[in-house]
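What follows is each chain in one-letter form.
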Amino acid sequence: MGEIALAAKITHVPSIWMDLTIDKYRGIRENAITALSEVGRRAHARGVETYVILDTHWIVNQGFHVNANARHAGTFTSPELPHMLSGMSYAYDGDPDLADAIAAEVRGDGFQALAHRDANLNCEYGTLVPMHLMNPAADIRVLSVAANQFASIDEGRRMGAAIARAIAASGRRAAVLASGSLSHAFWPNAVSAEGLFTVNGEFNRQIDLRVLELWDQGRVAEFLAMLPDYAVHCRGECAMIDTAMLFGALGWDGYAGRGELIGQYFGSSGTGQCVVDFALPAG
Ligand SMILES: [Fe+2]
């Protein structure tokens, strides 16, 4: 039987790449870099074979999609923020078998779900930025899952539950990573450059901090009760569908673990960011 050996909410902000590649920005994202590297260390220590990444930058408008390519390789420049993230080379093995199994299980729950083998379907930076730090030797397979921006929180729950069932039946030790922000209100263009390190609005910052507190205290049922409102009022990245799928995979309000914040909560261009490792039942 397979198992979810690690579950985490993770940041993927492109300013991580600025820190790594542009001298004048060196050190600005040390907190995030250290935290993502630590999650990668834990994944390796737990024998993770495949990272299943719920990628809020692979945005789809219909159904459920996974990248089933056997190999992901190329050089990535972000069309969205090309001045921040360019020239990132990557090469990882994919996991076509698990991708097929996940798509089949999600389809079995009534969704249109497709596993794509298409050499022109590349990974997005919600996958690639974390992988650069969590998978430096490229020794863990990479499986990107798209984020449906029009799916409801409850559909995300069902998709996540199906992902967990597919992993359980697969024989794989997998990590499930929700790659997306907490609040996600970009600063207006006129002030965006000076907002590189801040959250847009005290309301969003306070709600994010409350969410982290609830996770730390294991009060997941309370968090899930507020998640639909949180996604709307704090402008969740891709409507927080990654978070819905993550908790769906963990068992939704039956999940009894706690979320450990690794490093510090931080602001980035208006958005609220974190790296949180969710404890799993002893396998
Ligand atoms: Fe993002």
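For the structure itself, consult the block above.
Being a predicted model, the structure only gives us computed values, none of them experimental. (Residues numbered from 1 in each chain as written. Predicted model: local features only at pLDDT ≥ 70, side-chain atom pairs only at ≥ 80, totals over all residues. Heavy atoms only, no water.)

Chemist: Hey, could you run me through the packing of aromatic side chains in this one?
Modeler: Two aromatic rings, taken as a pair, are described by how far apart their centres are and by the angle between their planes. Enumeration over the complete set of coordinates arrives at 10 aromatic pairs. With 5.2 Å between their ring centres and 80° between their planes, W215 and F223 make a pair best called edge-to-face. Since its relative accessible area comes to 1%, W215 is described here as buried. When the ring of F247 is compared with that of Y255, the centres are 6.5 Å apart and the planes differ by 65°; the resulting orientation is edge-to-face. A network of ring pairs unites the aromatic residues W215, F223, Y230, F247, Y255 and F278 as a single cluster. (Phe/Tyr/Trp six-rings, centres within 6.5 Å; stacked < 30°, edge-to-face > 60°. Buried < 20%, exposed > 50% of the residue type's maximum accessible area, 1.4 Å probe, protein only.)

Chemist: How do you make sense of helix 4 (residues 125–134) when you look at a structure like this?
Modeler: Every α-helical turn comprises 3.6 residues, leaving residues that sit three or four positions apart pointing alike. Most of helix 4 is tucked away, with 9 of its 10 residues classed as buried. Within the sequence span of helix 4, burial applies to Y125, G126, T127, L128, V129, P130, M131, L133 and M134. (Helix = DSSP H or I, 4+ residues; strand = E, 2+ residues; numbered from the N terminus.)

Chemist: Any chance you could explain the side chain of S183 here in plain terms?
Modeler: Structurally, the position occupied by S183 is in the loop between strand 8 (173–179) and helix 6 (202–216). Of the residues examined, S183 reaches a relative accessible area of 0% and is grouped as buried. Ignoring sequence-local partners within four residues, the contact set of S183 consists of V199, N204, D208, Y230, C234, M240, Y265, T271 and G272. (Contact = heavy atoms within 4.5 Å.)

Chemist: What exactly am I supposed to notice about unusual backbone geometry here?
Modeler: Despite not being glycine, A239 has its phi angle at roughly 60°, a positive value. The residue A239 is located in the loop between helix 7 (220–233) and helix 8 (241–250) in this model. The class of A239 is partly exposed, set by a relative accessible area of 30%.

Chemist: Would you mind going over the pairing of strand 2 (residues 50–60) with me for this structure?
Modeler: For a regular strand, side chains alternate in direction, first toward one face of the sheet and then toward the other. Counting buried residues along strand 2, 10 of its 11 residues qualify, which places the element largely inside the surrounding structure. Strand direction decides the pairing type here: strand 2 and strand 7 (residues 141–148), joined by 8 bridges, are parallel. What sits directly across from V60, in strand 7, is N148. Here strand 2 pairs with strand 8 via 6 bridges, running parallel. Its bridge partner lying in strand 8, T50 is registered against A174. (Pairing = 2+ DSSP bridges.)

Chemist: Help me out: how do you make sense of the environment of T77 in this one?
Modeler: Checked against the element boundaries, T77 lands in the loop between strand 4 (71–76) and strand 5 (88–93). When the C-alpha positions of T77 and T243 are compared, they lie 26 Å apart, and in sequence the two are 166 residues distant. Setting aside anything within four residues of it in sequence, one finds T77 in contact with P82, L85, S86 and G87. A polar atom in the side chain of T77 sits 3.1 Å from the backbone nitrogen of G87. (Polar contact = N/O pair within 3.5 Å; in protein donor to acceptor, adjacent residues only side chain to side chain.)

Chemist: What should I look at first to understand the pattern of salt bridges in this one?
Modeler: Proximity of charged atoms lets side chains of opposite charge pair with each other. This structure, assessed with the given rule, holds 17 salt bridges. R173 serves as the salt-bridge partner of E3, at 2.7 Å between the closest nitrogen and oxygen. Taken together, the positions of E3 in strand 1 (residues 3–10) and R173 in strand 8 put the pair 170 residues apart, joining distant regions of the chain. By relative accessible area, which is 30% here, R173 ends up partly exposed. Note that D109 and R158 form a salt bridge whose closest N and O atoms lie 3.1 Å from each other. With D109 in the loop between helix 3 (96–108) and strand 6 (113–116) and R158 in helix 5 (residues 153–170), the pair connects residues that are 49 residues apart, well separated along the chain. Judged by relative accessible area, which is 28%, D109 ranks as partly exposed. (Salt bridge = Lys/Arg side-chain N within 4 Å of Asp/Glu carboxyl O.)

Chemist: Sorry if this is basic, but what is going on with the packing of helix 7 against helix 8 here?
Modeler: For any two helices packed against each other, the geometry is given by the interaxial angle and the distance between the axes. In the contact formed by helix 7 and helix 8, the axes pass within 12 Å of each other and the chain directions differ by 145°. When the axes of helix 7 and helix 8 are compared, the crossing they make is left-handed. Facing helix 7, whose interface residues are V220, F223, L224 and L227, helix 8 presents T243, A244 and F247. For the contact of helix 7 with helix 8, the per-class residue count stands at 6 nonpolar, 1 polar and no charged. (Axes fitted to C-alpha atoms, helices over the stretch in contact; angles between N-to-C directions. Left-handed = near helix turned anticlockwise from the far one by under 90°. Nonpolar A, V, L, I, M, F, W, Y, C, P; charged D, E, K, R; others polar.)

Such coordinate-based values are descriptive only and should not be taken to indicate function.
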